[in-house]
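Residue-level structure breakdown
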Amino acid sequence: MSDFQEETYTKVPTDSTPTEPQYAGFWRRVAAHLIDSVALGLALLAIILITLGNNSLYLLTLVVPGVLSIIYQLYLTAKYGATLGKMAMGIKIVRLDGSPIGFAQANLRYSPYLILGLIGVLGNIEAFNNIPVPSIFFEHGWLERNSLLQQYQPKWVLLSSPVGLFFILADSIALVISKKKLSVHDLIAGTMVIKTDKPTQQ
């Protein structure tokens, strides 16, 4: 009778359950937004300083800030999944399945703010055209010019302000109550914001 040795195998338990990402909370996202606002504010300040004393270049301030904000948000989000503020706070935007966000979804995600930004740009242009004597406009300082632009804003621009405030409020409420910290514009685009920093090892 031939002898044989019974082989035993040790099964290594495997856990195929995907790890749930760490969702970026309200205050971290607010901090990222504030950093982005400072970055864009510095860019706007640079534009103002460049255009001081040049009436032709000043007209760029009616358009450039809004366009710059759109490009800033869309380009960085589509390419890196995060603006400078989000990078600084260690968070990024991804699709709900965890895959990178592309230009189409970045555009969809920011579409409400892009529309409001576009309304602001067009409103500034329309307000300038509504000023009875444009030459008088350039005799005033920068703050007085802004006051005049506000005075001659078309009604459809004035209506966009409460709409924008309502959307921001709804966005914030959705973010606070959502288990996955999804804001309204996340729900529109099918995205989520997650932490990129590694969790602390216990």
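Remember, it's a predicted structure, so these values are computed and weren't measured experimentally. (Residues numbered from 1 in each chain as written. Predicted model: local features only at pLDDT ≥ 70, side-chain atom pairs only at ≥ 80, totals over all residues. Heavy atoms only, no water.)

**Quick word on the pattern of salt bridges**
With the rule as written, the count across this model stands at two salt bridges. Residue Arg-29 pairs with Asp-186 through a salt bridge whose shortest N-O separation is 2.9 Å. Of this pair, Arg-29 sits in helix α1 (residues 26-51) while Asp-186 sits in helix α10 (residues 184-189), placing them 157 residues apart in sequence. Taking the relative accessible area as the measure of exposure, Arg-29 reaches 11% and is therefore buried. With its nearest N and O atoms 2.9 Å apart, the salt bridge here joins Asp-186 to Arg-109. In this pair, Asp-186 sits in helix α10 while Arg-109 sits in helix α5 (residues 103-109), placing the two residues 77 residues apart along the sequence. Residues Asp-186 and Arg-109 agree in their burial class; the two are buried. Residues joined by salt bridges that share partners form a network here, namely Arg-29, Arg-109 and Asp-186. (Salt bridge = Lys/Arg side-chain N within 4 Å of Asp/Glu carboxyl O. Helix = DSSP H or I, 4+ residues; strand = E, 2+ residues; numbered from the N terminus. Buried < 20%, exposed > 50% of the residue type's maximum accessible area, 1.4 Å probe, protein only.)

**What about the nonpolar core?**
Soluble globular proteins: nonpolar side chains tend toward being buried together. Of all hydrophobic cores here, the largest spans ten residues; its members are Ala-24, Ala-32, Leu-74, Ile-91, Ile-93, Ile-101, Ala-106, Tyr-110, Leu-114 and Val-193. In this structure Leu-114 touches Ile-70, Leu-74 and Asn-107, once residues within four positions along its chain are discounted. Core analysis: the next-biggest nonpolar cluster, separate from the first, contains nine residues, Leu-62, Phe-128, Ile-131 and Phe-138 among them. (Core = buried A, V, L, I, M, F, W, Y, C linked by side-chain atoms within 4.5 Å. Contact = heavy atoms within 4.5 Å.)

**Considerations on unusual backbone geometry**
Despite not being glycine, Lys-181 shows a phi value in the positive range, around 60°. Here Lys-181 shows up in the loop between α9 (155-177) and α10. The partly exposed category is assigned to Lys-181, whose relative accessible area is 26%.

**Remarks on the pairing of strand β2 (residues 191-195)**
Most of β2 sits inside the fold, with four of its five residues counted as buried. Bridge count for strand β1 (residues 91-95) against β2 is five bridges, and the pairing is antiparallel. Counted as the bridge partner of Lys-92 is Ile-194 from β2. (Pairing = 2+ DSSP bridges.)

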